2 protein chains.
Amino acid sequence: MYGSIEPVARLVEALSRLPGVGPKSAQRLAFFLLRQPPEFSQNLAEAIVEMRSTVVFCTTCFHITAESPCQICQDSRRDRTLLCVVEEPLDVLAFERTMRFRGLYHVLHGALSPIEGVGPDDLKIGPLLARLRAGEVREVILATNPNVEGDTTSQYLSQLLRPFEVRVTQIARGLPVGGDLEYADEVTLAQAMENRREM
Amino acid sequence: MYGSIEPVARLVEALSRLPGVGPKSAQRLAFFLLRQPPEFSQNLAEAIVEMRSTVVFCTTCFHITAESPCQICQDSRRDRTLLCVVEEPLDVLAFERTMRFRGLYHVLHGALSPIEGVGPDDLKIGPLLARLRAGEVREVILATNPNVEGDTTSQYLSQLLRPFEVRVTQIARGLPVGGDLEYADEVTLAQAMENRREM
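An account of the accompanying structure is given in this report. Computed from a predicted structure; not experimentally measured. Residue positions are given per chain, counted from 1 along the sequence in the order it is written. Think of it this way: whatever chain is written first is A, whatever ligand is written first is 1, and the rest follow in order. Only residues with pLDDT of at least 70 are given local features in this predicted model, and only at 80 or more are side-chain atom pairs given and counted; all residues enter the totals for whole chains, interfaces and linings. Just so you know, side-chain values use all the structure's heavy atoms and leave hydrogens and water out.

As for the interface of chain B and chain A
No. 1: By the convention used here, residues are in contact when the closest approach between their heavy atoms is within 4.5 Å. Taken together, the 50 residues of chain B in the interface contact 50 residues of chain A.
No. 2: Buried area adds together the accessible area that both of two parts lose upon being put together, with accessible area traced by a 1.4 Å probe. Buried area between chain B and chain A, both sides added, is near 5,000 Å², and the carbon and sulfur share of it is 73%.
No. 3: Ranking the residues of chain B by area buried against chain A places Arg10(B), Leu34(B) and Arg52(B) at the top, with a combined share of 14%.
No. 4: Salt bridge criterion: a side-chain nitrogen from Lys or Arg within 4 Å of a carboxyl oxygen from Asp or Glu. Residues Glu88(A) and Arg35(B) are paired through a salt bridge, measuring 2.9 Å at the closest nitrogen-oxygen approach.
No. 5: We define a polar contact as two N or O atoms separated by no more than 3.5 Å, with the added condition that, inside protein, one atom must be a possible hydrogen donor and the other a possible acceptor, whereas residues neighbouring each other in sequence contribute only through side-chain atom pairs. Connecting chain B to chain A are 14 residue pairs in polar contact (both at pLDDT 80 or more).
No. 6: At the level of elements, helix 1 (6-15), helix 2 (23-35), helix 3 (38-54), strand 2 (64-65) and helix 5 (89-98) of chain B are the ones that each hand at least two residues to the side of chain B that touches chain A. Note on conventions: DSSP H or I runs of at least 4 residues are helices, E runs of at least 2 residues are strands, and numbering of each starts at the N terminus.

This is how it looks when you write it as structure tokens:
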């Protein structure tokens, strides 16, 4: 297809294996790289190799870390009876930025999605159950995304966790701080009303 | 933001400089790479560096090539009086697959787009005029994409080429072979009617 331009074909092939990158956008990315100075490609390639060789997933909580177990799992000041279950490593970072949660995390690496073919075996659910069997955890806080996949995952987990002697909670739904009541969607507004509390 | 996870931040930053890749999708790509075997990242990084170091743009026609001038520009059997102007290297490959065109090409590397901030100086228009001044070309065939940007570019070029003693043509618009008349859009159908020819 590319005549003598094998390297372009090879890169297009490699890029189109990335999620959300089809053959067309892979070609566009390849030509974009050709138009940039060589240092741009060099930097990108180094960043890829460096990350893949220095970053691993924590074997306990599956958060990203330079060495396993991660700093959070190793931190003795953390409350080991509290376990917050999230979909992605980025969600851990989001909670850590709040500096309010002092328990541990468990990263599922996705959410159940029959449409995208993601089933329970594709998520880190087995290791979650193993952590609960170890017996230290008293409360599991489900903090999946507030969308169909996240809710399905939380529903599934809450059923699965019933045999365990743990409290299972879910983070609150309500109006976001700084949000405008007028522009809130009905579901959020209904849940905010339902979850009202004494002042 | 990433705590001790500098390499992830570096890769996300590098990825989000690619066109069409925002910070969110850059993060998703980074985590995707972490979930693949290390060879996957290694292969991708090598493909990037290999392509950028072995592939260049032809200094005459700006097509992709292993060495400049490219094989097409060097080919003495090609008709040097015919010049086909296209937007992207992929368009050259598309025409070459037809094995019908025996002239030369000129790759603009884009199309005029005020919305995306692409002006005449961003395209290889200066080198195109220089080729025409050399005097060998008798016909310029405008083969930009049949959309707003492509049409604008062709319009602009046809005006710009008026002072030159060259025939300026545009590739035909009409019904694609294998297409269904019933499902053709009105503009294509109208142009197919207008460009009808004797059988």
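Concerning a nonpolar patch on the surface
No. 1: Residues Leu175(A), Leu181(A) and Leu189(A) make up a contiguous nonpolar surface patch of about 250 Å² in total accessible area.
No. 2: Within the secondary structure, Leu175(A) sits in the loop between strand 6 (167-170) and helix 8 (186-194). Residues with no salt bridge and a relative accessible area higher than 30% make up the patches, which join like charges within 9 Å and nonpolar side chains (Val, Leu, Ile, Met, Phe, Trp, Tyr) within 5 Å. The accessible surface values rely on the Shrake-Rupley method and a 1.4 Å probe; as for residues, cover is taken only from the protein chains in view.

With respect to helix 2 of chain B
No. 1: Counted at 1.5 Å a residue, the expected span for helix 2 of chain B with its 13 residues is 18 Å, and the 19 Å between its end C-alpha atoms agrees.
No. 2: Residues of helix 2 of chain B that are buried include every one of Ala26(B), Gln27(B), Leu29(B), Ala30(B), Phe31(B), Phe32(B), Leu33(B) and Leu34(B), and no others.
No. 3: Buried residues along helix 2 of chain B sit in contact with helix 3 (38-54), strand 1 (56-57), strand 2 (64-65) and helix 5 (89-98) of chain A together with helix 1 and helix 3 of chain B. In this analysis, the expected span of each helix is defined as 1.5 Å times one less than the number of residues it contains. Only protein chains enter the area calculation, which uses a 1.4 Å probe; residues under 20% of their type maximum are buried, those over 50% are exposed, and those in between are partly exposed.

Topic: the pattern of salt bridges
Opposite charge on two side chains permits pairing when their charged atoms draw close.
No. 1: Counted by the stated rule, this structure contains 16 salt bridges over all chains.
No. 2: Note that Glu96(A) and Arg78(A) form a salt bridge whose closest N and O atoms lie 2.5 Å from each other. Of the two residues, Glu96(A) is situated in helix 5 and Arg78(A) in the loop between helix 4 (71-74) and strand 3 (79-86); the sequence distance between them amounts to 18 residues.
No. 3: Classification of Glu96(A) by relative accessible area gives partly exposed; the value is 24%.
No. 4: When the shortest N-O distance is used, the salt bridge between Asp151(A) and Arg173(A) registers 2.7 Å. Of this pair, Asp151(A) sits in helix 7 (residues 148-160) while Arg173(A) sits in the loop between strand 6 and helix 8; the two residues are 22 residues apart in sequence, bridging distant segments of the chain.
No. 5: Sharing partners across several salt bridges, the network here consists of Arg10(A), Glu46(B) and Glu50(B).

Some words on the packing of helix 3 of chain A against helix 2 of chain B
No. 1: Where helix 3 of chain A meets helix 2 of chain B, the closest approach of the two axes is 10 Å, and the angle between their N-to-C directions is 50°. By the criterion of interaxial angle, the relationship of helix 3 of chain A to helix 2 of chain B is oblique. Two packed elements cross with a definite hand, and for helix 3 of chain A against helix 2 of chain B that hand is right-handed. Packed against helix 3 of chain A, whose contacting residues are Ile48(A), Met51(A) and Arg52(A), the element helix 2 of chain B presents Ala30(B), Leu33(B) and Leu34(B) at the interface.
No. 2: Gly is put with the polar residues, along with every residue not named as nonpolar or charged; the nonpolar set is Ala, Val, Leu, Ile, Met, Phe, Trp, Tyr, Cys and Pro, and the charged set is Asp, Glu, Lys and Arg. Classifying every residue of the contact of helix 3 of chain A with helix 2 of chain B gives five nonpolar, no polar and one charged. Here the axes come from fitting lines to C-alpha atoms, over the contacting stretch only for helices, and the angles between their N-to-C directions go from 0 to 180 degrees. Should an angle fall under 35 degrees it is called roughly parallel, over 145 degrees roughly antiparallel, and 65 to 115 degrees roughly perpendicular, with every other angle called oblique. Whether a crossing is left-handed or right-handed is set by the direction in which the near helix is turned from the far one by less than a right angle, anticlockwise for left-handed and clockwise for right-handed.

Observations regarding the sheet that holds strand 5 (residues 139-142) of chain B
All names here are of chain B.
No. 1: A pair of strands is treated as paired once DSSP finds two or more bridges between them. Strand order in this open sheet of four strands is 4-3-5-6, and the pairing throughout is parallel. At either margin of the open sheet sits one strand with a lone partner, and together these are strand 4 (104-107) and strand 6 (167-170). Pairs of neighbouring strands in the sheet enclose a mean axial angle of 25°, with direction left out of account.
No. 2: Note that strand 5 and strand 6 share four bridges and pair parallel. Within strand 6, the position partnered with Ile141 by the bridge is Thr169.

Focus: empty space enclosed by the protein
No. 1: Residues are called lining when one of their atoms sits within 4 Å of a cavity or pocket point, these points coming from a 1 Å grid over the protein atoms alone, where a cavity is a set in which a 1.4 Å probe fits but cannot get out and a pocket is an open set with protein on both sides within 12 Å along at least five of seven lines. Grid points are joined across faces, edges and corners, and a volume is the space filled by probe spheres set on the points. Inspection of every chain in the model, using the stated rule, returns two cavities of 30 Å³ or more.
No. 2: Approximately 90 Å³ is the volume found for the largest cavity.
No. 3: In terms of lining, the largest cavity is formed by 13 residues, of which the most central are Leu15(A), Leu18(A), Leu29(A), Leu15(B) and Leu18(B).
No. 4: Taken together, the elements giving at least two residues each to the lining of the largest cavity come down to helix 2 (23-35) and helix 3 of chain A together with helix 3 of chain B.

Concerning the packing of helix 6 (residues 125-133) of chain B against helix 7 (residues 148-160) of chain B
All names here are of chain B.
No. 1: For the pair helix 6 and helix 7, the least separation of the axes is 12 Å and the interaxial angle reads 35°. As for the relative orientation of helix 6 and helix 7, their crossing is right-handed in sense. Contacts between helix 6 and helix 7 involve Ile125, Leu128 and Leu129 from the former and Tyr156, Leu157 and Leu160 from the latter.
No. 2: Of the residues in the contact of helix 6 with helix 7, the class split is six nonpolar, no polar and no charged.

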